[in-house]
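Chains, contacts and geometry: an overview
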Amino acid sequence: MTPPPIPVHAADLDALAGEARRQTEEVRTLFASLDPEARTWRPSPDRWSVAGHIAHMSLVNGPYVEAMAECSRRARSRGRTSDGPYRHPWLASWFARNMEPPPKQRVRTMGAMVPDPDVADPVADFAATQDALVSLFEEARGVDLGRARFASPFFRLLRLSLGTGFHTLLAHNRRHVWLAREVMAAEGFPSASDG
């Protein structure tokens, strides 16, 4: 499936909402297919489990959703409205596209984004964050998604347009679902027949 592009018109928000809902169901289905041991199994002490990847998505996406909601409100109050076409900063567009799987390079995760290695059931938090994101898509309808800008909650020097922020979170989810499936394909991963 081809991911929705960085939004250029207001109608693109519908595709983004559909992708967010699809991701929530994919994560629920993937997690439910595993027994408790498999959910928290780690290929090595410095790698995350399937549960860890899901928890990481919530740790990162929650602060982003809050920052983007504030950005949307501020932009609307300042009259920065448009149904498109939107123009996004080059660096922000590159950053958003660079999140897509498979990872082009592995980078060390900042402390605030590292999940609890023993997290048991992160799906409820992930689903709640996804629901908040879907609501934000609707709240942002009519805001100029290219001119509305915000700073990354984790790296203040990185400024994203609202549209590239939306795309970044969905791409980040796709990246970590891909990485979770990589864990499941690793040697030693406990299969249902192991129990």
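This text gives an overview of the structure that appears in the document. (Residues numbered from 1 in each chain as written. Predicted model: local features only at pLDDT ≥ 70, side-chain atom pairs only at ≥ 80, totals over all residues. Heavy atoms only, no water.)

Describing the side chain of Ser49
Note on placement: Ser49 falls in the loop between helix 2 (36-40) and helix 3 (50-77). Assessed through its relative accessible area of 2%, Ser49 is described here as buried. From its side chain, Ser49 meets the backbone oxygen of Arg39 in a polar contact 3.5 Å long. Apart from residues no more than four positions distant in its own chain, Ser49 is found in contact with Arg39, Thr40, Trp41 and Arg42. (Helix = DSSP H or I, 4+ residues; strand = E, 2+ residues; numbered from the N terminus. Buried < 20%, exposed > 50% of the residue type's maximum accessible area, 1.4 Å probe, protein only. Polar contact = N/O pair within 3.5 Å; in protein donor to acceptor, adjacent residues only side chain to side chain. Contact = heavy atoms within 4.5 Å.)

Side note on the environment of Pro190
With respect to the helices and strands, Pro190 occurs in the segment after helix 6 (162-184). Separated by 151 residues in sequence, Pro190 and Arg39 place their C-alpha atoms 9.2 Å apart.

Examining the nonpolar core
If you look at the biggest cluster of nonpolar residues, it comprises 34 residues, and the most contacted ones within it are Tyr64, Met68, Leu133, Phe137, Leu145, Leu162 and Phe166. Contributing elements (two or more residues each) for this core: helix 1 (12-32), helix 3, helix 4 (90-98), helix 5 (123-139) and helix 6. Ranked by residues supplied to this core, first place goes to helix 3 with 7 residues. Every residue in contact with Tyr64, bar those within four places of it in the chain, is listed here: Phe95, Phe150, Ser152, Pro153, Phe154, Leu160 and Leu169. Among the nonpolar cores identified, the runner-up in size contains 18 residues, and Leu34, Trp41, Phe126 and Val183 belong to it. (Core = buried A, V, L, I, M, F, W, Y, C linked by side-chain atoms within 4.5 Å.)

Quick notes on helix 6
Relative to the 33 Å expected for 23 residues at 1.5 Å per residue, helix 6 spans 33 Å between its end C-alpha atoms, a close match to the ideal helical length. Along helix 6, 19 of the 23 residues are buried, which leaves the element largely enclosed by surrounding structure. (Expected span 1.5 Å × (residues − 1).)

Section: the side chain of Gln23
Residue placement: Gln23 occurs in helix 1. According to the relative accessible area criterion, Gln23 is buried, its value standing at 2%. Sequence-distant contacts of Gln23, defined by excluding residues within four places in its chain, comprise Phe126, Gln130, Leu170, Asn173 and Arg174.

Considerations on the pattern of salt bridges
Summed over all chains, the structure comprises 11 salt bridges. Linking Arg22 and Glu26 is a salt bridge whose minimum nitrogen-to-oxygen distance equals 3.0 Å. Of this pair, Arg22 and Glu26 both sit in helix 1, 4 residues apart, roughly one helical turn. Classification of Arg22 by relative accessible area gives partly exposed; the value is 31%. (Salt bridge = Lys/Arg side-chain N within 4 Å of Asp/Glu carboxyl O.)

Overview of the packing of helix 1 against helix 3
Orientation of helix 1 relative to helix 3, taken along the N-to-C sense of each, is 155 degrees, at an axis distance of 11 Å. Overall, the two elements helix 1 and helix 3 adopt an arrangement that is roughly antiparallel. Here the hand of the crossing between helix 1 and helix 3 comes out left-handed. Side by side, helix 1 and helix 3 meet where Val27, Leu30 and Phe31 of the first sit next to Val50, Ala51, Ile54 and Met57 of the second. (Axes fitted to C-alpha atoms, helices over the stretch in contact; angles between N-to-C directions. Parallel < 35°, antiparallel > 145°, perpendicular 65-115°, else oblique. Left-handed = near helix turned anticlockwise from the far one by under 90°.)

Some remarks on the packing of aromatic side chains
Inspection of every chain in the model, using the stated rule, returns 4 aromatic pairs. Ring centres 5.6 Å apart and planes at 90 degrees place the aromatic pair Trp41 and Phe189 in the edge-to-face group. You can see Trp41 sitting in the loop between helix 2 and helix 3 and its partner Phe189 sitting in the segment after helix 6, a full 148 residues away along the chain. Overall, Phe189 belongs to the buried group, its relative accessible area being 14%. On the basis of an interplanar angle of 90 degrees and a centroid distance of 6.1 Å, the ring pair of Tyr64 and Phe150 is categorised as edge-to-face. You can see Tyr64 sitting in helix 3 and its partner Phe150 sitting in strand 1 (residues 149-151), a full 86 residues away along the chain. (Phe/Tyr/Trp six-rings, centres within 6.5 Å; stacked < 30°, edge-to-face > 60°.)

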